[in-house]
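Here is what each chain is made of, one letter per residue.
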Amino acid sequence: MSDSATGGGTTADMPVTDEKSRRDFLLISTASVGVVGTALACWPLIHAMNPAADTLALASTEVDLAPVQTGQSITVVWRGKPVFIRRRTADEIKTAEAVPMDKLIDPEADSKRVKKPEWLIMVGVCTHLGCIPLGQRPNDPHGEFGGWFCPCHGSHYDTSGRIRKGPAPKNLEVPPYQFVSDTFIRIG
Amino acid sequence: MAAKSYSNPIVKWIEYRLPIFSFLDHELNEYPTPRNLNYWWNFGSLAGIILVIMIATGIVLAMSYTPHVDYAFESVERIMRDVNYGWLLRYIHTNGGSAFFIVVYIHLFRGMYYGSYKAPRELLWIIGVVILLAMMATAFMGYVLPWGQMSFWAATVITNLFSAVPLVGESIVTWLWGGFSVDNPTLNRFYSLHYLLPFVIFALVFVHLWALHVHKSNNPTGVDIKGPQDTIPFHPYYTIKDTFGLGAFMIVFMFFVFFAPNFFGEPDNYIKANPLVTPAHIVPEWYFLPYYAILRAITFDIWFIPAKLIGVAAMFGSILILLFLPWLDRSKVRSATFRPVYKQVFWVFVVDCIILGWVGANTPDAEFHGIKMLWIGQAATFYYFFHIVILIPLISVFETPRALPDSISQAVTPGGKS
Amino acid sequence: MNAMRKRLGLALAVALALGLAAGATMAAEGGKPPAQTWSFDGLFGTYDRAAAQRGFLVYNTVCAACHSLSLVAYRNLDGIGFKDDAIKAIAAAKEVPDGPNDQGEMFNRPGQPADRFARPFANDNAARAANNGALPPDLSLITKARKGGADYIHALMVGYKEPPTGMQMMEGMQYNAYFPGNQIAMLPPLSEGQVEYADGTKATIPQMAHDVSTFLTWAAEPEMEERKRMGVKVLLFLIVLTAMLYALKRQIWTDVH
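Residues numbered from 1 in each chain as written. Chains lettered and ligands numbered in written order. Predicted model: local features only at pLDDT ≥ 70, side-chain atom pairs only at ≥ 80, totals over all residues. Heavy atoms only, no water.

Draft legend 1. Fine view of the overall build of chain B. Scanning chain B from terminus to terminus reveals 16 helices and four strands. Relative to the globule expectation of 22 Å for 418 residues, the C-alpha radius of gyration of chain B, 24 Å, shows essentially globular dimensions. Judged by the C-alpha coordinates and their principal axes, chain B covers about 70 × 60 × 45 Å. The 418 residues of chain B split such that 54% are buried. Contacts in chain B between residues far apart in sequence, at least 24 positions, make up 78% of those at least 6 positions apart. Looking at chain B as shown, the accessible area adds up to about 18,900 Å², and 72% of this sits on carbon and sulfur atoms. Taking the average place of the 25 positive charges on the side chains of chain B and the average place of its 24 negative ones, the gap between the two points comes to 10 Å. (Helix = DSSP H or I, 4+ residues; strand = E, 2+ residues; numbered from the N terminus. Rg over C-alpha atoms; globule rule 2.2 N^0.38 Å. Buried < 20%, exposed > 50% of the residue type's maximum accessible area, 1.4 Å probe, protein only. Contact = heavy atoms within 4.5 Å. Areas by Shrake-Rupley, 256 points an atom, 1.4 Å probe, with all protein chains shown as cover. Lys, Arg positive; Asp, Glu negative; His and termini not counted. Charge placed at Lys NZ, Arg CZ, Asp CG, Glu CD.)

Shown next as structure tokens:
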């Protein structure tokens, strides 16, 4: 047959161009289909590491604001983190709105941080290195600006949750939320 | 040794420091393989690919599994219901276990039929049996992890067997359990070992392939490779044949994963483990049924040795005896193709193994047309050992084999020599 | 040729063994449940939404008094066609445990979609105490945990009969033709017209049995529709790819054959 002493099959006897291009086409198309299939097969392994359905179900937290009195702060958990909700007094709102932008480490107007000025909603995690600032309870230290004080490295936040003094670079984060009704919010 | 030189500068740089490219060229590309291998030779590479699939799915499953008796069952259901594609990974993993054993059993029977265990491949065969034992340990422990009724009770029954060991039996069992019964310590250590063993198997497979590459593959004629006219390079011939075989296998495998995912399983394992309620029938997974039948076949004491100990010894012995096959079979002829008596008897052996599996699935007191399952099991167990220890040696000595072809190429070339 | 015949004989032996395996074990089982036609049968089966929703009503009204469904969350009900508002209402109608509160006490609160189905009893012991020592099993996986699956559950529901003459029933047990051992602690759960179906379907016992079995199959296998859909695509892809691989193999091997 076609074998020579050097062993292995040879393609010496085929009409060159036709056979070769036919084989090339078959090889390339099969290889492409195979590669696509392998990639598709790998996707479940990767996507399985993304948040599962039960985790996503807890991606939103609903909070009833009706029981919160003026001047009262509550803490709720959202996506594993504390969220500070404060029903601000008129004084606190006025103080927050009166601060000029050039006095702020992270300039941001109070009106940009709230949807209703009475309700301040922010993630209670210090933007420095992640400790939870004090100030939710009446007897807690509130720092020099009447808001929150982080005991870890001495960051002071004002009545709008903005960083005023200390090592934190950014204001306390405002999470995405919406008012489902006047007294009911959905965070996330 | 091919002194191949590469043109690509990056390849050259790596090759000079770690000759991985010439290694792969030699072992995977040019590697001479008999030209006449049939499809029974696909099952080795198939087993290797299934091992990779099991490890990949297992690692991702392990990210969501909780190995605590109070959470294990629910964590598996969380995987099935909440984890993205969790159901798919879980079904691939459980059915992959069954697939792994089907493929490995066929691979093993291929070796028995064609004499692949004979010199100079005895060590290759022995490593294979060790891999089988490691697979069984891995599968056994893996099955405990979902913490269903069968998980718990199979673990209880099998670990209790070690109490049959004289003198130290009870201590061994307590040591295995980490307590006074199968409980949380047991589950946790099974999880640890179940994660570990597949990598041990991976290393054993590497040694298995290393041993294979020394003397190359056997072939359906059992005749040694005499020269290059008998072989073809592994690539592209066997790479494409193995890939095609993989495709065909995947069709069957994926059919079970998507359309009959619980076919090989037991409904009882969807009930959370209850140490106070024993299921009506404790049955292991199908790939353990023959050994289960052998274990339960020994119901009588011999002299001072209790039946339980003999049963355990017979069960492990049925696999360990395979290690001696290269020396029990004294035939100079490898392949059953040229051994007319051995060939017939081989199929009887296969049927016997299937019968043992069937017996293992039934309760010992069940009856088949008036014959007690226990008796069938005892007969089948007797034949199993009789075949390996008596028949194979006798046949190998007294059989007149058929005339062997001069060479592989002579066997495959119609009408004459090459 | 001889090898071929032997292989055929082998295949026959396997078929025989598998066929007989079923027959030889039937000792203490109940009768074999008759096969029903289910909307989810076959390669292209789906869950009949209407039947599953009716089945949910049966579960919620009749079964939930004793049987938990603790692996299913209220939010999962969108899988059988319930909308967000309906799900919220269904969840809020039940109370789930939560806590501890600031006083350190556990308390109950209305359910939310993210919660799993409320259990009728706090734990297994409470369940047994309320049921003469018998434990009503959780139904989340019941169709996968019983041989015969949905057919068995259906048969069980309609299988209550008078015990055959001469059979001694144990105290407090009911005769059921399909329960293993034929003696079941559960009283016949379904009765004619027990629930009022919103879609006007008549609530006969076989109808309710059919609907609740559909619902429970969904509860055990919510992924089934996606699984079968994906399966069809995967298998078609593999058949095409394998055919191409075979063609390529034949081509590459022409010079060897």
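Picking up after the structure, the text goes on.
Draft legend 2. Representation of the state of the cysteines in the model. Residue and element names in this part refer to chain A. Tallied over the entire structure, the rule returns one disulfide over all chains. One disulfide bridge connects Cys131 with Cys152, the sulfur atoms lying 2.1 Å from each other. Torsion about the S-S bond of the Cys131 and Cys152 cystine: about -100°, corresponding to left-handed handedness. You can see Cys131 sitting in the loop between strand E4 (119-123) and strand E5 (146-150) and its partner Cys152 sitting in the loop between E5 and strand E6 (155-158), a full 21 residues away along the chain. Cys150 provides the cysteine sulfur closest to Cys126, a residue in no disulfide bond, and the two sulfurs are 3.8 Å apart. (Disulfide = S-S within 2.5 Å.)

Draft legend 3. Highlighting the confidence of the model for chain C. Residue and element names in this part refer to chain C. The predicted model of chain C has a mean per-residue pLDDT of 90, with 89% of residues at 70 or higher. A low-confidence stretch, residues 17-27 (pLDDT under 50), is modelled with 13 contacts involving residues beyond four sequence positions or located in other chains. As scored by the predictor, the complex reaches a pTM of 0.89 and an ipTM of 0.92. (pLDDT = per-residue confidence, 0-100.)

Draft legend 4. Representation of the pairing of E4(A) within the structure. All names here are of chain A. For E4, a buried count of five out of five residues is recorded, marking the element as mostly surrounded by other parts of the structure. Taking every second residue as pointing to the same face, both faces of E4 are buried, with Trp119, Ile121 and Val123 on one and Leu120 and Met122 on the other. Here five bridges tie strand E3 (residues 81-87) to E4, and the two strands are oriented antiparallel to one another. Considered in E4, the bridge of Val83 is made with Val123. (Pairing = 2+ DSSP bridges.)

Draft legend 5. Broad picture of the side chain of Arg90(B). Within the secondary structure, Arg90(B) is located in helix H5 (residues 86-114). Residues in contact with Arg90(B), not counting those within four places in the same chain, are Leu61(B), Val76(B), Ile79(B), Met80(B), Pro146(B) and Tyr270(B).

Draft legend 6. Local environment of the interface of chain B and chain C. On the side of chain C, 48 residues touch chain B, which itself brings 50 residues to the contact. With both chains or domains summed, chain B and chain C bury close to 4,400 Å², and 71% of this area falls on carbon and sulfur atoms. For chain B, the biggest contributors to the area lost against chain C are Arg81(B), Phe259(B) and Trp347(B); these three give 17% of the whole. Among the salt bridges present, the one from Arg75(C) reaches Asp82(B), with a minimum N-O distance of 3.0 Å. Counting the contacts that link chain B with chain C gives 10 residue pairs in polar contact (both at pLDDT 80 or more). Elements represented by at least two residues in the side of chain B that touches chain C include exactly helix H4 (72-81), H5, helix H10 (234-259), helix H14 (340-361) and strand E3 (367-368) of chain B. (Buried area = accessible area lost by both parts, 1.4 Å probe. Salt bridge = Lys/Arg side-chain N within 4 Å of Asp/Glu carboxyl O. Polar contact = N/O pair within 3.5 Å; in protein donor to acceptor, adjacent residues only side chain to side chain.)

Draft legend 7. Quick peek at the pattern of salt bridges. As enumerated under the stated definition, the model contains 27 salt bridges over all chains in all. Taking the shortest distance from any N to any O, the salt bridge between Lys116(A) and Asp182(A) comes out at 2.8 Å. Residue Lys116(A) is located in the loop between helix H4 (110-113) and E4, and its partner Asp182(A) is located in the loop between strand E8 (177-181) and strand E9 (184-187); the two are separated by 66 residues in the primary sequence. Salt bridges sharing common partners tie together Lys118(B), Asp329(B), Arg339(B) and Glu399(B).

Draft legend 8. Local environment of the sheet that holds E6(A). Residues and elements named next belong to chain A. Spatially, E5-E6-E7 is the arrangement adopted by the three strands of the open sheet, whose pairing is antiparallel. Sheet topology places E5 and strand E7 (163-165) at the edges, where each strand pairs with a single neighbour. Across the sheet, the mean angle from the axis of one strand to that of its neighbour is 35°, orientation sign disregarded. Bridge analysis of E5 against E6 gives four bridges, and the strand direction is antiparallel. Among the inter-strand pairings, Trp148 is bridged to a residue of E6, identified as Tyr157. (Axes fitted to C-alpha atoms, helices over the stretch in contact; angles between N-to-C directions.)

Draft legend 9. Structural detail: the packing of H5(B) against helix H8 (residues 224-252) of chain C. Direction vectors running N to C along H5(B) and H8(C) enclose 65°, while the axes themselves pass 11 Å from each other. In terms of orientation, H5(B) lies roughly perpendicular with respect to H8(C). At the point where H5(B) passes H8(C), the crossing takes the right-handed sense. In contact with Trp87(B), Leu88(B) and Tyr91(B) of H5(B), H8(C) contributes Glu226(C), Arg227(C) and Met230(C). Looking at the contact of H5(B) with H8(C) residue by residue, the classes come out as four nonpolar, no polar and two charged. (Parallel < 35°, antiparallel > 145°, perpendicular 65-115°, else oblique. Left-handed = near helix turned anticlockwise from the far one by under 90°. Nonpolar A, V, L, I, M, F, W, Y, C, P; charged D, E, K, R; others polar.)

Draft legend 10. Examining the packing of aromatic side chains more closely. Residue and element names in this part refer to chain B. The final tally for this structure, using the stated rule, is 53 aromatic pairs over all chains. Judged by centre distance (6.1 Å) and plane angle (55°), the ring pair of Tyr113 and Trp347 falls under tilted. Of this pair, Tyr113 sits in helix H5 while Trp347 sits in helix H14, and the two are 234 residues apart along the sequence. Tyr113 sits in the buried class, given a relative accessible area of 6%. Here the aromatic rings of Phe349 and Tyr384 are separated by 5.3 Å at their centres, their planes lie at 35°, and the arrangement is tilted. (Phe/Tyr/Trp six-rings, centres within 6.5 Å; stacked < 30°, edge-to-face > 60°.)

Draft legend 11. Up close: the environment of Leu248(C). Inspection of the secondary structure puts Leu248(C) in helix H8. For Leu248(C) and Tyr59(C), which are 189 residues apart along the polypeptide, the C-alpha to C-alpha distance reads 55 Å.

Draft legend 12. Main features of the nonpolar core. Ranked by internal contacts, the top residues of the largest apolar core, which has 140 residues, are Met112(B), Trp147(B) and Met254(B). At 15 residues, the largest contribution of residues to this core is made by H5(B). Contact partners of Met112(B), with chain neighbours within four places excluded, come to Tyr117(B), Trp125(B), Leu325(B), Tyr342(B), Phe346(B), Phe349(B) and Ile392(B). Core analysis: the next-biggest nonpolar cluster, separate from the first, contains 43 residues, Trp38(C), Tyr47(C), Ala118(C) and Val212(C) among them. (Core = buried A, V, L, I, M, F, W, Y, C linked by side-chain atoms within 4.5 Å.)

Draft legend 13. Fine view of the sheet that holds E3(A). Residues and elements named next belong to chain A. Taken in spatial order, the three strands of this open sheet run E2-E3-E4, and their pairing is antiparallel. Two strands lie at the open edges of the sheet, namely strand E2 (73-78) and E4, each paired on one side alone. Neighbour-to-neighbour, the strand axes of the sheet open up by a mean angle of 20°, direction not taken into account. As paired strands, E2 and E3 are joined by six bridges and run antiparallel to one another. Paired with Val76 across the strands is Val83, a residue of E3.

Draft legend 14. Representation of the side chain of Ser213(C). Residues and elements named next belong to chain C. Residue position: Ser213 is located in helix H7 (residues 205-220). A polar contact is formed between the side chain of Ser213 and the backbone oxygen of Ala209, at a distance of 2.7 Å. If we ignore the near neighbours within four places in the chain, the residues touching Ser213 are Trp38, Thr143, Ala150, Ile153 and His154.

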